[in-house]
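Next come the chains, spelled out residue by residue.
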Amino acid sequence: MEDNKKDYSDFFKPSQDEPNREREEDNKQDRPSYYYSYGPYKSAPQEDYPEERSPSSYSSAEPVEVTAPRPLRPYPYAQEPAGSQQPAGSRSWQVNEPKKRSSAKGMFAAFMAGALVVSSLMFASDRMNLFSGGNTGASSGSPVAAATNSGTGSSSGSGNVVGAAYDISRPGSVSSIVQQASPAVVKIESYVTTKRSNSSLYNDPFFRYFFGDQEQQQPKAGTKQQSGMGTGFIFEKSGYIITNQHVIEGAEEIQVTVEGYDKPFTAKLLGNSFDLDLAVLKIEPATENGVTKDFSILPIGDSSSMQIGDWVVAIGNPYGFEHTVTVGVLSAKEREISIQETSGTRNYKHLLQTDASINPGNSGGPLLNMNGEVVGINTAVNAEAQGIGFAIPTSTISEVIDSLKNNVEIPKEPIPFIGATLANVADLDAQSVKELQLDKAEGAYVQDVVIGTPAFKSGLKKYDVVTSMDGAAITNSSDMVAKIQAKKVGDKVSFGIIRDGKAMTIEITLADKNEYLKQQQQQQQQ
């Protein structure tokens, strides 16, 4: 190591031998101007230059102590291809940047992992009934709520937690319900006999010459022509069918098509009710080898147990499309509607409302719960809206079905009335109001009084203006009718009226409108 140390003290000493310095200057001009150092040997120039030796001659040199270099932080570089002849010193060095990854592959891998996790959780929840609250049995289709409380009484302030589980899944057994119910759902067609026109124009050659033979375009007299079509269902295996009365109204012949039979059956009308819009038919079962073949039936359930929001299934023959199935929910209960027809007004009460699609031809068909039980008979639909259909509940059907089977007259619900025709004072002109001697155009005035009615017997007269009922003001005729129908048959009602400009009071005992009409019919028959 001492040999590796160079003493520079003579560099600062003044030269004593000037000729020697000149000789050294001459020798410096012959030396190269740069040096390379390869290892632990001296890199500084020597005083003298020994003669050139071969590499083998260095093997006999004296051992030299090596000083380990200071460790340096490694710096990454791009790897050279295998077999490259590029020298190490010429390698291309670069910064250690983060490795770029493919975003598409990463997203795909994350998606597959997420799908696997979600599928596993769904499978586990289905097996463990986590979403159904452990209720795997058949239900009526209502959302089931199960609540548990660890305490007794209110949980406020006690720290108890109340949990609830709701079955909100769509019903999955509709297909099985349809398969079981379809054989009992029937198609009903009503027919009437056509009659020949007696018009003398058809016998006039002049008319037939200019207008053609119109008679040939009309159905021949005595032929059967379809007058209506609807649905029904068999509720007893011997062939009893229930449907709407308006489906078979006025029919001279009723044909029933049953699934599984090639030919339709001719049905007999046993009993019907215009007010309830119900009718019961009877078809005779077929006999094979002396054995009577029973019909499939539908059980009649309890409509009062249905809850709003429960799933329901409707089966029918809308527009002739046989056994059409629609699904919906129970939208409301206890609906009341009125439908005006040529034969009178049907006042429906206690109806079920559903958004299951109901169309002409569905009338008389069953409305089923998720147990396959009939809870209503599809009857009407609001033509000006979508998803507003109505069904007669089984609570009404069960009360009268035996009477319909036995053709027993069903008592009509009493309707309180007084027997007067009413109109609105507000609809009168100013001159009429003045002639009635009224201070203001409010109330209901009497247009007519029917003879023999409570109004006639109590002395109510034409042009009387009714202004109050039992002390409550009456603004128009509709208000007065609603107040009367809210009473019961036999109630005594006090009416405040104005006659010839004078206020007075009349008491009227309400009577039953149905009973009054029945008496009138009996008198006409006599």
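Structure: see above.
In this text, all values refer to a predicted model and were calculated from it rather than measured experimentally.

K.L.:
Summarise the overall build of the protein; cite the residues concerned and give the values.
P.N.:
Per the secondary structure count, the protein includes twelve helices and 24 strands. Residue burial in the protein is summarised as follows: out of 526 residues, 29% are buried. Long-range contacts, defined as pairs at least 24 residues apart, comprise 61% of the intrachain contacts of the protein with a sequence gap of at least 6. Accessible area of the protein: about 35,800 Å², with a carbon and sulfur share of 51%.

K.L.:
Describe in detail the nonpolar core, supporting the description with residues and values.
P.N.:
Counting residues in hydrophobic clusters, the biggest one holds 30 residues, and the most contacted among them are Ile242, Leu298 and Leu368. In this structure, this core is formed jointly by two domains, domain 1 (179-207 + 222-292) and domain 2 (303-338 + 345-406), each of which donates at least three residues. Residue contacts for Ile242: discarding those within four places in its chain leaves Gly232, Phe233, Phe235, Ala279, Val280, Gly364, Ile377, Ile397 and Ile401. Counting 18 residues, the second-largest nonpolar core is a separate cluster that includes Leu422, Ala455, Met469 and Leu510.

K.L.:
Summarise the sheet that holds strand β6 (residues 253-257); cite the residues concerned and give the values.
P.N.:
Spatially, the six strands close up into a barrel ordered β3-β4-β5-β8-β7-β6, and their pairing is antiparallel. With strand direction ignored, the average angle separating the axes of adjacent strands in the sheet is 40°. Contacts from helix α8 (residues 394-405) reach β4 (224-236), β5 (240-243), β7 (265-273) and β8 (278-282), with the element oriented near 45° to β8.

K.L.:
Got a sec to walk through helix α4 (residues 174-181)? Specific residues and values, please.
P.N.:
Residues of α4 that are buried include every one of Val174, Ile177, Val178 and Ala181, and no others. Take α4 and look down its axis: the buried residues cluster within an arc of 100°, on one side only. Of the residues in α4, the exposed ones pointing more than 90 degrees away from the buried face are Gln179 and Gln180. Contacts from the buried residues of α4 go to β3 (185-193), β11 (311-316), β12 (324-341) and β14 (366-368).

K.L.:
I'd like to hear about the layout of surface pockets, residue by residue, with values.
P.N.:
The calculated volume of the largest pocket comes to roughly 1,800 Å³. Lining the largest pocket are 50 residues, and of these Asp275, Lys412, Glu413, Ile415 and Asn514 sit closest to its centre. In terms of residue class, the lining of the largest pocket is built from 24 nonpolar, 15 polar and eleven charged.

K.L.:
How would you explain the sheet that holds strand β13 (residues 344-354) if you had to name every residue and give the values?
P.N.:
Spatially, six strands are ordered β11-β12-β13-β16-β15-β14 in a closed barrel, and the strand pairing comes out antiparallel. The sheet shows a mean angle of 50° between the axes of neighbouring strands, taken without regard to direction. For strand β15 (residues 374-381) and strand β16 (residues 389-393), the ladder comprises five bridges, and the chain directions are antiparallel. Looking at β16, one finds that Gly376 is bridged to Pro393. In this fold α4 packs onto β11, β12 and β14, with an angle of close to 40° to the strand it touches most, β11. Along the sheet face, α8 touches β15 and β16 and points at about 40° away from the line of β16.

K.L.:
How would you sum up unusual backbone geometry? Please name residues and give values.
P.N.:
Phi angles above zero are rare outside glycine, and Asp277 is one such case at about 60°. Looking at the secondary structure, you find Asp277 in the loop between β7 and β8. Overall, Asp277 belongs to the buried group, its relative accessible area being 0%. Residue His323 is not a glycine yet carries a positive backbone phi of 50°. You can see His323 is positioned in the loop between β11 and β12. Judged by its relative accessible area of 23%, His323 is partly exposed.

K.L.:
Explain the pairing of strand β20 (residues 465-469) to me, using residue names and the numbers behind them.
P.N.:
When you tally the buried positions in β20, you get four out of five residues, the bulk of the element. In this sheet, β20 lies alongside strand β19 (residues 444-449) in antiparallel orientation, the contact comprising two bridges. Of the residues in β20, the one forming a bridge with Ala444 is Val466. Counting the residues in the hairpin turn of β20 and strand β21 (residues 472-473) gives two residues, including Asp470, whose phi is positive at 50°.

Cut-offs used in this document
Residues numbered from 1 in each chain as written. Predicted model: local features only at pLDDT ≥ 70, side-chain atom pairs only at ≥ 80, totals over all residues. Heavy atoms only, no water. Helix = DSSP H or I, 4+ residues; strand = E, 2+ residues; numbered from the N terminus. Buried < 20%, exposed > 50% of the residue type's maximum accessible area, 1.4 Å probe, protein only. Contact = heavy atoms within 4.5 Å. Areas by Shrake-Rupley, 256 points an atom, 1.4 Å probe, with all protein chains shown as cover. Core = buried A, V, L, I, M, F, W, Y, C linked by side-chain atoms within 4.5 Å. Domains from an automatic or database assignment. Pairing = 2+ DSSP bridges. Axes fitted to C-alpha atoms, helices over the stretch in contact; angles between N-to-C directions. Arc of directions from axis to C-beta. 1 Å grid on protein atoms, 1.4 Å probe; cavity = no way out; pocket = protein on both sides within 12 Å on 5 of 7 lines; lining within 4 Å. Points joined across faces, edges and corners; volume = space filled by probe spheres on them. Nonpolar A, V, L, I, M, F, W, Y, C, P; charged D, E, K, R; others polar.

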